[in-house]
Structure formats: C-alpha cells, structure tokens
Amino acid sequence: MTLWTAPGEVDPLAIGFAAASDKDLDRRLLPYDCLASLAHAEGLAELGILTGAELESMRSVLMSLHQASRNGDLEIPDGMEDAHEL
C-alpha cells in the first residue's frame with residue numbers, strides 16, 4: 001500500500017519515474033525535505049495556526065531528523081514507500 005493513490009489507472013512509466021522508487025535519491029533529498037518542512041511549519045506559526053510550543057516541538061524533531069539523515073544514520077526499511085513513513 002502507498003501513502004497516495006491516484007484516481008483511475010496510473011501510467012507505469014510515471015510510477016517508474018517517481019522518487020519513491022529510488023531509496024538512494026530519497027535518502028539524499030531527506031535533509032532538504034526536513035528543512036522545507038520546518039520552513040512550512042514556521043509559516044504556519046506566523047499565521048497563528050501552530051503555537052510557539054508546537055513549532056518548537058516540530059523544530060526539535062525535524063532538526064534531529066535532518067542531522068541524522070546528513071550523518072547517514074537513517075535507513076528506509078524495506079516495505080516503506082519512502083522516508084515520509086519514518
């Protein structure tokens with residue numbers, strides 16, 4: 001099962017092109033994905049959607065994941081679609 005599904009049938013060429021099919025690429029993108037998620041959370045906090053405490057909690061976890069991914073300490077286990085399931 002995947003994290004996303006598309007209505008109707010998906011072209012097999014599109015599935016083969018998806019980053020989710022390349023765990024090495026996903027591992028290399030993960031540090032940047034953590035930073036992008038943090039930037040998104042900061043924007044949500046500026047809008048008042050997240051509290052300061054929620055933002056700090058997210059910042060702590062995302063920066064921990066960012067560092068672990070840069071150090072090569074995170075593995076994407078078989079059976080997971082990509083790093084977003086960690």
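A quick note: this is a predicted structure, and the numbers were derived from the prediction, not measured. (Residues numbered from 1 in each chain as written. Predicted model: local features only at pLDDT ≥ 70, side-chain atom pairs only at ≥ 80, totals over all residues. Heavy atoms only, no water.)

**Some details on a nonpolar patch on the surface**
Here is step 1: Nonpolar side chains collect at one region of the surface, where Leu 29, Tyr 32, Leu 35 and Met 63 lie side by side and expose about 390 Å² of accessible area between them.
Here is step 2: Per-element accounting of the nonpolar patch gives the leading share, three residues, to helix H2 (residues 23-46). (Patch = residues over 30% accessible without salt bridge, like charges linked within 9 Å, V, L, I, M, F, W, Y side chains within 5 Å. Areas by Shrake-Rupley, 256 points an atom, 1.4 Å probe, with all protein chains shown as cover. Salt bridge = Lys/Arg side-chain N within 4 Å of Asp/Glu carboxyl O. Helix = DSSP H or I, 4+ residues; strand = E, 2+ residues; numbered from the N terminus.)

**Quick word on the side chain of Ser 69**
Here is step 1: If you trace the backbone, Ser 69 turns up in helix H3 (residues 52-70).
Here is step 2: Taking the relative accessible area as the measure of exposure, Ser 69 reaches 13% and is therefore buried.
Here is step 3: A distance of 2.8 Å separates a polar side-chain atom of Ser 69 from the backbone oxygen of His 66. (Buried < 20%, exposed > 50% of the residue type's maximum accessible area, 1.4 Å probe, protein only. Polar contact = N/O pair within 3.5 Å; in protein donor to acceptor, adjacent residues only side chain to side chain.)

**Considerations on the nonpolar core**
Here is step 1: The biggest cluster of nonpolar side chains holds five residues, and these are Leu 38, Ala 41, Leu 50, Leu 55 and Leu 62.
Here is step 2: If you list the elements that add at least two residues to this core, you get H2 and H3.
Here is step 3: Excluding residues within four positions of it along the chain, Leu 50 makes contact with Ala 41, Leu 44, Ala 45 and Met 58. (Core = buried A, V, L, I, M, F, W, Y, C linked by side-chain atoms within 4.5 Å. Contact = heavy atoms within 4.5 Å.)

Spatial relationships are all this shows, so hold off on functional conclusions.
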